[in-house]
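One-letter residues, chain by chain:
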Protein chains: 2
Amino acid sequence: YLETLEGKYGQEGEKLIYKFTDHGGRKIALRYDLTIPLSRVIAMYPEIIKPFKRYQIAPVWRADRPQKGRYREFFQCDVDIIGSKSMLCDAEVIAVGYHCLKKIGFNDFIIKINNRKVLNGIVNLMGIDENKNHILFRIIDKLDKIGIKGVENELMDTDFSRDKISGFLNLLQIEKKGDELLFELENKLESIPQGLEGIKEIREISNYLAGMGVEAGHYEFDPTLARGLDYYTGPIFEAVLKRPKIGSIIAGGRYDNLIEIFSKQGSPATGISIGLERIITAMEELGMLPLSSTVSRVFVTVFSRETTRHSLAVASQLRLSGINTEVALKEGKLSKQLTYANNKGIPVCIIVGPDEIGSGKIVIKDMINNRQEETSSDNLINRVEKILENNV
Amino acid sequence: YLETLEGKYGQEGEKLIYKFTDHGGRKIALRYDLTIPLSRVIAMYPEIIKPFKRYQIAPVWRADRPQKGRYREFFQCDVDIIGSKSMLCDAEVIAVGYHCLKKIGFNDFIIKINNRKVLNGIVNLMGIDENKNHILFRIIDKLDKIGIKGVENELMDTDFSRDKISGFLNLLQIEKKGDELLFELENKLESIPQGLEGIKEIREISNYLAGMGVEAGHYEFDPTLARGLDYYTGPIFEAVLKRPKIGSIIAGGRYDNLIEIFSKQGSPATGISIGLERIITAMEELGMLPLSSTVSRVFVTVFSRETTRHSLAVASQLRLSGINTEVALKEGKLSKQLTYANNKGIPVCIIVGPDEIGSGKIVIKDMINNRQEETSSDNLINRVEKILENNV
């Protein structure tokens, strides 16, 4: 229902929700993300044992202008932990994202970590009205896209005073990095308990990440990270590639007050969302995607209608051994069948004709080394596996 | 776009399409099935090497009345072969469905096979106007739901003559089964080439299915199978469970003329669609779904904030060995942590406290047999794997 989604994604997100009226006159909408639906489910089923961990891979829809790696329908891969305030949860979901990127083959990426409490602390320190935080956060969140000058210009269009804006930007722009920057901010925020709590949480997450095998250099504190969504309450994170520049490929944060919108009995929660299409786009650009037009490892030829059953039996034998196998879908010229297998990049062909059936032999053709050999049915699997191994 | 889907699903299907106008004023619709989108894609990319095989698991939407195993949003698992008229393709997609059901654990199911050409042949034989076939097919398709009396009543409401209707029903109702029935119909249809072709195709498919390891008794010719969709041109199939009665769990057929709607260069095609929700509903009713509230095999306790890193290291070691592992998300009472693991049904717990860290030992608790043992870090994986094996 539309009302489940409304008022959760901030002013700009709200505009991107696909909404319509169904045949029964109900106001409904397409999923904008997987976090709100998860929160509703958690609220509806209080019997779920907590802490509750789940992943979900599903399409979501946004009425946005399509661009590189960004579509109106796209897949999010979400990992969330519900029911614990421990920073171990935040570290764990970040670690899942890290290990996913590593396993796919990415090396040049950085996971930026910040905390809404630190941002709130800075806002307090500057004497900016806390109710206007979200305006500020949404503008800083564009830093990567529009640069510091762009952010400054957009801030000038708000009713924050020039002094406050430059003070705020100065604090974010501290020329130090990592631990040193964290220490610097800690000193500045010493009178703001919320800010200090945020810094403590960032330190705790960093400590756990190291314990979870996340390599140093792949995560860093970044006080300019803001995230646009309204519902974050604590740590926020975002993974970006050094190249290509296609925005964040993982994003997330803690949303301790979201579930209580749907039920009296709230629950703290944190999670990440991995953007599948952006990752695929980046992998394509970086040449990380293996170009394969098939998953078949073996192609079994068919000589004639009468010998089809024999070819099928050979294919069944291979498939039962876990080898992905195709059978020619039409009897006919052997050369034509082999050309098809070759065009598809299938590395091994099996030739089964009346001669082979008569002699009890099977011909195996190694398409990559252009060699062929004869073998008995008993030896088929063995020989095929050997050729496939050598071809890897 | 709505126009892609319109006019493809028959009168009744058409009503169930979710359609709306988007922000840009475009008339759009939600996927009704995966076959039409596939056909559009094939038409758009003629460079795809054929025969082309693909599977796809994705949600589709129908504005239908929800009922047992039937929802407005549900998942279809489709398997299709594009670009070949060979009955090997039809047999192969049926065999995929068969092997899927077997692998999941179903034994009491039957795959019904019929052919639109046979139905057309019968219609011709009865002298019924071929343009009204679809009316006829849609009514027979309800046979399982409304029974033969219901079908007869609905046919009486059409403008077919009473004579033709009873002749038609008599032909379908021949009291024989399988090969014998096929032979009977072959005799009756001897003057109708289309009908004979349909019978030949059914025989060919049956022959191939046997070659593909599909057990006899799991498929049979059923002349009353009609399938409601407009786009089928040849063989049609449907898998049903003996119990529970929840309609077909797999359905499909050949659609040789569908792709040419989207491009001049058409392509023959056939495929099946596996209904995920119905299968899950049936498995629940038959007690085939293992009741597990977690995939975690091991739970690592956390003694104190200071020993957390140590617990994380143990968890990393287990995870690197491919063992699904959870770490307590909060230090605190050991009994509370063990209760959580127990409630979740996690079979093995690891206790890591200051004593264990000091002595270099780790305590492994077998939750199922309520036994515990001490081991060294080097032996951890070995011992855990042994306990998990014994617990299977």
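Procedures and definitions
Residues numbered from 1 in each chain as written. Chains lettered and ligands numbered in written order. Predicted model: local features only at pLDDT ≥ 70, side-chain atom pairs only at ≥ 80, totals over all residues. Heavy atoms only, no water. Buried < 20%, exposed > 50% of the residue type's maximum accessible area, 1.4 Å probe, protein only. Helix = DSSP H or I, 4+ residues; strand = E, 2+ residues; numbered from the N terminus. Contact = heavy atoms within 4.5 Å. Salt bridge = Lys/Arg side-chain N within 4 Å of Asp/Glu carboxyl O. Polar contact = N/O pair within 3.5 Å; in protein donor to acceptor, adjacent residues only side chain to side chain. Nonpolar A, V, L, I, M, F, W, Y, C, P; charged D, E, K, R; others polar. Pairing = 2+ DSSP bridges. Patch = residues over 30% accessible without salt bridge, like charges linked within 9 Å, V, L, I, M, F, W, Y side chains within 5 Å. Areas by Shrake-Rupley, 256 points an atom, 1.4 Å probe, with all protein chains shown as cover. Phe/Tyr/Trp six-rings, centres within 6.5 Å; stacked < 30°, edge-to-face > 60°.

A. Representation of helix 3 (residues 35-44) of chain B in the model. Residue and element names in this part refer to chain B. Buried residues dominate helix 3, accounting for seven of its 10 residues. All of the buried residues along helix 3 are Thr35, Ile36, Pro37, Leu38, Ser39, Ile42 and Ala43. Its buried side turned inward, helix 3 meets helix 1 (2-5), strand 3 (52-61) and strand 4 (73-82).

B. Inspection of the interface of chain A and chain B at higher detail. Opposite the 48 residues of chain A that make contact, chain B presents 47 residues. Connecting chain A to chain B are six salt bridges. Where Glu204(A) meets Arg305(B), a salt bridge forms, and the shortest distance between an N and an O atom there is 3.2 Å. Where chain A meets chain B, there are 11 residue pairs in polar contact (both at pLDDT 80 or more). Elements with a contribution of two residues or more to the side of chain A that touches chain B: strand 1 (19-21), strand 3 (52-61), strand 4 (73-82), helix 4 (87-104), helix 10 (193-211), helix 12 (308-320), strand 11 (325-327) and helix 13 (334-344) of chain A. The greatest single-element share of the side of chain A that touches chain B, amounting to six residues, is contributed by helix 12 of chain A. A per-class count over the side of chain A that touches chain B returns 23 nonpolar, eight polar and 17 charged.

C. Structural context of the pairing of strand 4 of chain A. Residue and element names in this part refer to chain A. In terms of burial, strand 4 is a largely internal element, eight of the 10 residues being buried. Direction of pairing for strand 3 relative to strand 4: antiparallel, over a ladder of 10 bridges. Bridging across to strand 4, alanine 58 finds its partner in glutamine 76. Of the strand pairs in this sheet, strand 4 and strand 9 (residues 269-275) are connected by seven bridges, and their pairing is antiparallel. Along strand 9, the bridge assignment pairs glutamine 76 with glycine 275.

D. Representation of a nonpolar patch on the surface within the structure. On the surface, Val41(A), Met44(A) and Tyr45(A) cluster together to form a nonpolar patch covering roughly 270 Å² of accessible area. Under the relative-accessibility criterion, Met44(A) is labelled partly exposed at 49%.

E. How the structure looks around the side chain of Arg54(A). Residue and element names in this part refer to chain A. Looking at the secondary structure, you find arginine 54 in strand 3. Under the relative-accessibility criterion, arginine 54 is labelled buried at 12%. Within the structure, arginine 54 has its side chain in polar contact with the side chain of glutamine 56 (distance 3.2 Å). Polar contacts involving the side chain of arginine 54 include one to the side chain of aspartate 80, which spans 2.9 Å. If we ignore the near neighbours within four places in the chain, the residues touching arginine 54 are Leu34, Leu38, Asp78, Val79 and Asp80.

F. Highlighting the packing of aromatic side chains. Following the criterion strictly, the structure yields 14 aromatic pairs over all chains and no others. Aromatic side chains Tyr9(B) and Tyr32(B) sit 4.1 Å apart centroid to centroid with 40° between the ring planes, which places their arrangement in the tilted category. Residue Tyr9(B) is found in the loop between helix 1 and helix 2 (10-15), and its partner Tyr32(B) is found in the loop between strand 2 (27-29) and helix 3; the two are separated by 23 residues along the sequence. Taking relative accessible area as the criterion, Tyr32(B) reaches 5% and is therefore assigned buried. Where Tyr231(B) meets Tyr232(B), the ring centres are 5.3 Å apart and the plane angle is 70°; that geometry is what we call edge-to-face. Ring pairs connect the aromatic residues Tyr18(A), Phe20(A), Tyr18(B) and Phe20(B), which therefore count as one cluster.

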